[in-house]
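One-letter residues, chain by chain:
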Amino acid sequence: MGSFKNKDLPLHTQVQTWIWDTVAKEGGNVHIGLNLYSVFKQAGLTIAQVRAEAVLQTPETGSDLAWVVKMMLPRIIQSGTANQKEIDIDLLEERLNGERQNADTVIVRDMTFGIWGTLQA
């Protein structure tokens, strides 16, 4: 769903941008959460509820961003979103942890979306 910029966490923002830009370059719909309502309506469903929730991470909760980048590394590089040197995968988790500890703030890691609907018989 894109990154949520926090001036105190520029590396986190950059890493989120790498992830979502890669997905977008691969043709993925990075706005599908916001589009779920329309998708359900077009499918003929009656909408019962739509929800969104921020996924927050703090210095205490840690972060999965380095793991996600490690899993996506070949895709990120192949898409031209970032290169090995700027990612520096061997030190990425340490750099992210340090940034989070120094900023002592919350980061919006992502948004989750849910929608419930019924099909009229």
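Residues numbered from 1 in each chain as written. Predicted model: local features only at pLDDT ≥ 70, side-chain atom pairs only at ≥ 80, totals over all residues. Heavy atoms only, no water.

Student: Before we move on, can you summarise the environment of T105 with the specific residues and values?
Tutor: In this structure, T105 sits in the loop between α5 (89-103) and β2 (107-119). When its relative accessible area of 24% is taken as the criterion, T105 is described as partly exposed. Note: C-alpha distance between T105 and I89 (16 residues apart in sequence) is 23 Å. Excluding its chain neighbours within four sequence positions, the residues that come into contact with T105 are N6, L9, Q57, T58, P59 and R100. (Helix = DSSP H or I, 4+ residues; strand = E, 2+ residues; numbered from the N terminus. Buried < 20%, exposed > 50% of the residue type's maximum accessible area, 1.4 Å probe, protein only. Contact = heavy atoms within 4.5 Å.)

Student: A description of the nonpolar core should follow, citing residues and the corresponding values.
Tutor: Core analysis: the largest hydrophobic core is formed by 17 residues, its most contacted members being V15, I19, V69, I87, L92 and L96. When residues of this core are assigned to their parent elements, the largest contribution, seven residues, is made by helix α3 (residues 65-79). V15 has contacts with L65, V69, L92 and L96, leaving out every residue within four places of it along the chain. (Core = buried A, V, L, I, M, F, W, Y, C linked by side-chain atoms within 4.5 Å.)

Student: Which residues make up the pattern of salt bridges, and what values do they have?
Tutor: When their charged atoms lie close together, side chains carrying opposite charge are able to pair. Applying the stated criterion across every chain yields a total of three salt bridges. Across the pair R75 and E26 runs a salt bridge whose closest N-O atoms are separated by 2.6 Å. Of this pair, R75 sits in helix α3 while E26 is found in the loop between α1 (10-25) and α2 (32-42), placing the two residues 49 residues apart along the sequence. For R75, a relative accessible area of 35% gives the class partly exposed. For E26, a relative accessible area of 42% puts it in the partly exposed group. Residue D110 pairs with R109 through a salt bridge whose shortest N-O separation is 3.5 Å. (Salt bridge = Lys/Arg side-chain N within 4 Å of Asp/Glu carboxyl O.)

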